[in-house]
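Overview (structure and organization)
Residue-level listing of the chains:
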Amino acid sequence: MTFEFDFILVGLMQIFGFFVQGCTGFGCTVIAAAVTNGLLGTAEGVPYRTLLTIPFLYYLGVKAWREVSWKDLVKIVALCAPGILIGNYLFYKISPTTAKICIGAMVTIIALMNIYKHIIRPLVLKKTDEEDAPDTTGRKIFRYGCLILGGIVHGAFTIGGPLITVYTIEAVKDKEKFRNTMNMVWVVLNTWNIYTQFRNGAFTPRMWSALAIGLPCAAIGFFLGMGFLKRINREQFLRIVYLVLLFIGANMLITSLMAVL
């Protein structure tokens, strides 16, 4: 077993990433991706992030399996599965930087629209919405489109989470059920990713050494996030989700544009 100071820096970043994961059910791998890949390298950083999530995904999956929206989970997996296979093929055809710019821009716009609705309008402008907007055919097409596109992007570049979240946050209204449903999505997708990464020989001794430090840090963040979720209401939860989406989308967009320039 080897030790590098970078392993500590990567582990500390997981505290924040997994706090968000424990609260919202998504975000830990994308939030920590820049630090993890920057210090460990992409070849070891990607499987590191996948393996790091598994104990916590399985733990919550067993603990909260009764509080999962199974109907929506089936829809998500069914619509993402073909997209993931398409994405595996497109991985060799599309520039990841171009994909990140497009997805980052889309997620940023969606997040900003909802931040206006859930934060600026009620808290800054002091205006209240009369009723929730009706669930029109156009809104349904948009949600399912995000879900299908999310599967394709996840299969190609493992960054489809923000788009899958756009569907799930509208479909699953209860905050804990949303978190638990998103968790089960990653149980399915990350189990598949581990299988493909293991088959491709991605697990190295250096990665296991980094993982030994990262796991305790991730546990601290994860359980703090689970406790925090119980202390907030749905509106506060939505504000957190859309702020996280804004951070993820803007970070993806800006860093990808900087790589091009």
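Attention here is on the structure that accompanies the text. (Residues numbered from 1 in each chain as written. Predicted model: local features only at pLDDT ≥ 70, side-chain atom pairs only at ≥ 80, totals over all residues. Heavy atoms only, no water.)

Once that is clear, we can look at the packing of aromatic side chains. The full count for this structure, using the stated rule, is 10 aromatic pairs. Ring geometry for F19 versus F228: centroids 5.5 Å apart, planes at 45°, classification tilted. Highlighted residues: F19 in helix α1 (residues 5–24) and F228 in helix α10 (residues 205–229), separated in sequence by 209 residues. Since its relative accessible area comes to 27%, F19 is described here as partly exposed. Given the relative accessible area of 31%, F228 is considered partly exposed. (Phe/Tyr/Trp six-rings, centres within 6.5 Å; stacked < 30°, edge-to-face > 60°. Helix = DSSP H or I, 4+ residues; strand = E, 2+ residues; numbered from the N terminus. Buried < 20%, exposed > 50% of the residue type's maximum accessible area, 1.4 Å probe, protein only.)

Moving on: the side chain of E44. Counting through the fold element by element, E44 comes out in helix α4 (residues 42–63). Its relative accessible area of 15% is what places E44 among the buried residues. Non-local contacts of E44, meaning those with residues more than four positions away in its chain, are made with T204, R206 and M207. (Contact = heavy atoms within 4.5 Å.)

So, about helix α9 (residues 175–199). Every α-helix winds through 3.6 residues per turn, so residues three or four apart in the chain are directed the same way. The end-to-end C-alpha distance of α9, which contains 25 residues, comes to 36 Å, matching closely the 36 Å that a straight helix rising 1.5 Å per residue would cover. The opening residue of α9 is D174, an N-cap whose side-chain oxygen sits 3.2 Å from the backbone nitrogen of E176. Downstream of α9 by a residue or two, G201 has a phi angle that is positive, lying close to 70°. (Expected span 1.5 Å × (residues − 1). Polar contact = N/O pair within 3.5 Å; in protein donor to acceptor, adjacent residues only side chain to side chain.)

Here T165 is to be found in helix α8 (residues 161–171). Setting aside residues up to four positions removed in sequence, T165 forms contacts with F26, F178, M182, V241 and L245.

Attention now moves to the packing of helix α5 (residues 70–90) against α8. Axis separation between α5 and α8 bottoms out at 11 Å; the angle between their running directions is 155°. The angle between α5 and α8 places the two elements in the roughly antiparallel class. When the axes of α5 and α8 are compared, the crossing they make is right-handed. Here D72, K75, I76 and C80 of α5 come into contact with α8, specifically with I164, Y167, T168 and A171. A class-by-class count of the residues in the contact of α5 with α8 yields 5 nonpolar, 1 polar and 2 charged. (Axes fitted to C-alpha atoms, helices over the stretch in contact; angles between N-to-C directions. Parallel < 35°, antiparallel > 145°, perpendicular 65-115°, else oblique. Left-handed = near helix turned anticlockwise from the far one by under 90°. Nonpolar A, V, L, I, M, F, W, Y, C, P; charged D, E, K, R; others polar.)

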